[in-house]
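Structure assessment
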Amino acid sequence: SGWPWAHVSRARAARRRELRAAAAMAAAPPPPRELTESGAGVFLADLDASAAIHVLSHLSPVERARVAAVRRSERAALKSPDIVVEDDPALVTGSADYYDGVVYGSSPPVHSSSRPALRREPRWSSGRLSMGTATHVEGGGHLADAAWRDVDLRAAATPAALCILRGVACGAMRDLDVTGSRFARRGDILDLVRESPQLRTLRCCVLRDNGKWSVQDVDAVFEAWPSLALFECDVGDSGCVDSAHGVLECAAVVARAGRLRSVDASWSLKLGCGAARGCAAMMEKHGGGFPLQRLAMRKANIKDPGAMSLAGAIRRAAEAVAAKEKELRRMEWSDRYAGAAGDAAEYESPYGDGRDPVCELRWLDLGSNHINDPGAAALGDALGPNVPITRLNLRDNQVGVLGCRSIGYGVARCGATLRRLDLAHSGFGCQGAVALATALATARSPCALKVLQLGFNSIGTK
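Because the structure is predicted, anything quoted here is derived from the model rather than measured. (Residues numbered from 1 in each chain as written. Predicted model: local features only at pLDDT ≥ 70, side-chain atom pairs only at ≥ 80, totals over all residues. Heavy atoms only, no water.)

Moving on: the packing of aromatic side chains. For the structure shown, the criterion picks out zero aromatic pairs. Here the guanidinium or amino end of Arg 294 rests over the ring plane of Trp 363, the centre of that ring lying 4.6 Å away. Stacked on the ring of Trp 363, the Lys or Arg Arg 391 has its end atom at 4.0 Å from the ring centre. (Phe/Tyr/Trp six-rings, centres within 6.5 Å; stacked < 30°, edge-to-face > 60°. Lys NZ or Arg CZ within 6 Å of the ring centre and 35° of its normal.)

This is the structure:
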């Protein structure tokens, strides 16, 4: 993200770094002649474990894979464990020469029979791998965990690199990060991840258009890899309101389970207020309040009705959380002083799912829309001590004096958490700035606000 000149500046800086690296490599002294002629030297497998791990920490995953191809000793030390996935016992044919299972990372086990063992291919169901009834780890080099536990391929993953890692790293990999790899394809990532049943974290954002995931892909990922604790990706849709509702429904369900933190539906002019109303409805219906930590809908053609719907969902979630905390305090008082714990009625969630309401919003970004005073005032009124928001972006909207006053009072109410407020390019002038400052002055506790952007609002010196 960023302005076009920022992309050009980053590209120039990258080229300068490459030129400096090439110049430093050319100026480096050549290796000693006795080493180049005799081939002598110290290999990774000849070092002790601590020294080898220190060397591996300075190598990229692709360089580690190249080291594994130097000698048999390096490959044996860096070879990832074999992940054996056995099928259901009912499918076993009973023949001792039939290997009813799949081995990832190396070749199938050797049988004593003269006939070769048959290798069952992975069974697929609804587009995902069936892991069978028994999955266990076998073998592996003593440096495999240090080499492949965390694989960081940010901005460096290519189809060739993913194919190399698939052959040597899948058995020990826990964390995989291919964020910003513009040439990585979703299919190549899936092929690598399918053979990594110990994977816990998968980050694959900003992979161009061919790296965007559909809602069905996200469902299949979570069903096939229940061990995943964190999955970050870009979800693409057709840009219409109906498609956005499906994405937001899936996001609300997954966020309620604590496995999704952020939704970014920016730069989709076809969405409008319908998508904002759908987001509010899905968060309340399937999320039990507002479980998202970050919601970004920049340049999404949102107007006052959509902003008011989002503000209503946030306000109701905060009120439900406050009511839950009040009920807990009342029950605690009853237990301690009145001895009437058995008579206290159980708390019922207003969302009807039997679970506690949540309001986890940290970052709300509605910049570059068509939000006027009513929508901005509703968002300001929704802020309070039970909304743990840290960043609010309403830049490039038509916020007036009323909106500035309401936002100022909201910031004063949640001043312990809000650190960044952006109201630039809103055109509210001196009167809006005075209203905002007057409202901020009502804060009863020290304000945590660190960044306040009010540029391009025609604010004078008086």
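Having seen the structure, we can now continue with the description.
Strand order in the open sheet formed by four strands is β8-β9-β10-β11, with parallel pairing between adjacent strands. This sheet does not close on itself; its edge strands, each paired only once, are β8 (150-152) and β11 (230-233). In this sheet, neighbouring strand axes are inclined to one another by 5° on average, regardless of whether the strands run parallel or antiparallel. With three bridges connecting them, strand β9 (residues 175-177) and strand β10 (residues 201-204) associate as parallel partners. Residue pairing for β10: Asp 177 is matched across the bridge by Arg 203. (Pairing = 2+ DSSP bridges. Helix = DSSP H or I, 4+ residues; strand = E, 2+ residues; numbered from the N terminus. Axes fitted to C-alpha atoms, helices over the stretch in contact; angles between N-to-C directions.)

Applying the stated criterion across every chain yields a total of 14 salt bridges. Between Arg 149 and Asp 145 there is a salt bridge, and its shortest N-O distance comes to 3.4 Å. The partly exposed category is assigned to Asp 145, whose relative accessible area is 36%. One salt bridge connects Glu 319 with Arg 315, and the closest N-O pair in it is separated by 3.8 Å. Within this pair, Glu 319 and its partner Arg 315 are both found in helix α12 (residues 304-338), separated by four residues, close to a single helical turn. For Arg 315, a relative accessible area of 34% puts it in the partly exposed group. (Salt bridge = Lys/Arg side-chain N within 4 Å of Asp/Glu carboxyl O. Buried < 20%, exposed > 50% of the residue type's maximum accessible area, 1.4 Å probe, protein only.)

Ranked by internal contacts, the top residues of the largest apolar core, which has 54 residues, are Phe 290, Leu 295, Leu 364, Leu 366, Ile 389, Leu 392 and Ile 407. Counting residues per element, the ones that place at least two in this core are α10 (241-256), α11 (272-286), α12, α13 (373-382), α14 (401-413) and α15 (429-440). When residues of this core are assigned to their parent elements, the largest contribution, nine residues, is made by α12. For Phe 290, the contacting residues outside a window of four places in its chain are Met 283, Leu 295, Ala 313, Ile 314, Ala 317, Val 358, Cys 359, Glu 360 and Leu 361. Counting residues in each nonpolar core, the second largest holds 44 residues, with Leu 78, Ala 169, Cys 204 and Leu 228 among its members. (Core = buried A, V, L, I, M, F, W, Y, C linked by side-chain atoms within 4.5 Å. Contact = heavy atoms within 4.5 Å.)

Relative to the elements of secondary structure, Asn 369 occurs in the loop between β16 (363-365) and α13. A polar contact is formed between the side chain of Asn 369 and the backbone nitrogen of Asn 301, at a distance of 3.1 Å. A polar contact of 2.9 Å, which involves the side chain of Asn 369, links it to the backbone oxygen of Leu 366. Contact partners of Asn 369, with chain neighbours within four places excluded, come to Met 297, Arg 298, Lys 299, Ala 300, Asn 301, Ile 302, Asp 396, Asn 397 and Gln 398. (Polar contact = N/O pair within 3.5 Å; in protein donor to acceptor, adjacent residues only side chain to side chain.)

Turning our eyes to something else, we now look at a positive patch on the surface. A cluster of like positive charges, contributed by Arg 12, Arg 15, Arg 16, Arg 17 and Arg 20, occupies part of the molecular surface. Judged by its relative accessible area of 45%, Arg 16 falls in the partly exposed class. (Patch = residues over 30% accessible without salt bridge, like charges linked within 9 Å, V, L, I, M, F, W, Y side chains within 5 Å. Areas by Shrake-Rupley, 256 points an atom, 1.4 Å probe, with all protein chains shown as cover. Lys, Arg positive; Asp, Glu negative; His and termini not counted. Charge placed at Lys NZ, Arg CZ, Asp CG, Glu CD.)

What follows is about the environment of Asp 264. Tracing the chain through its elements places Asp 264 in strand β12 (residues 262-264). On a C-alpha basis, the gap between Asp 264 and Val 235 in space is 8.7 Å, while along the polypeptide they are 29 residues apart. Beyond its immediate sequence surroundings of up to four residues, Asp 264 is in contact with Arg 294, Ala 296 and Arg 298. Only 2.6 Å separates the side chain of Asp 264 from the side chain of Ser 266, close enough to count as a polar contact.

Shape is all these values report; function is a separate question.
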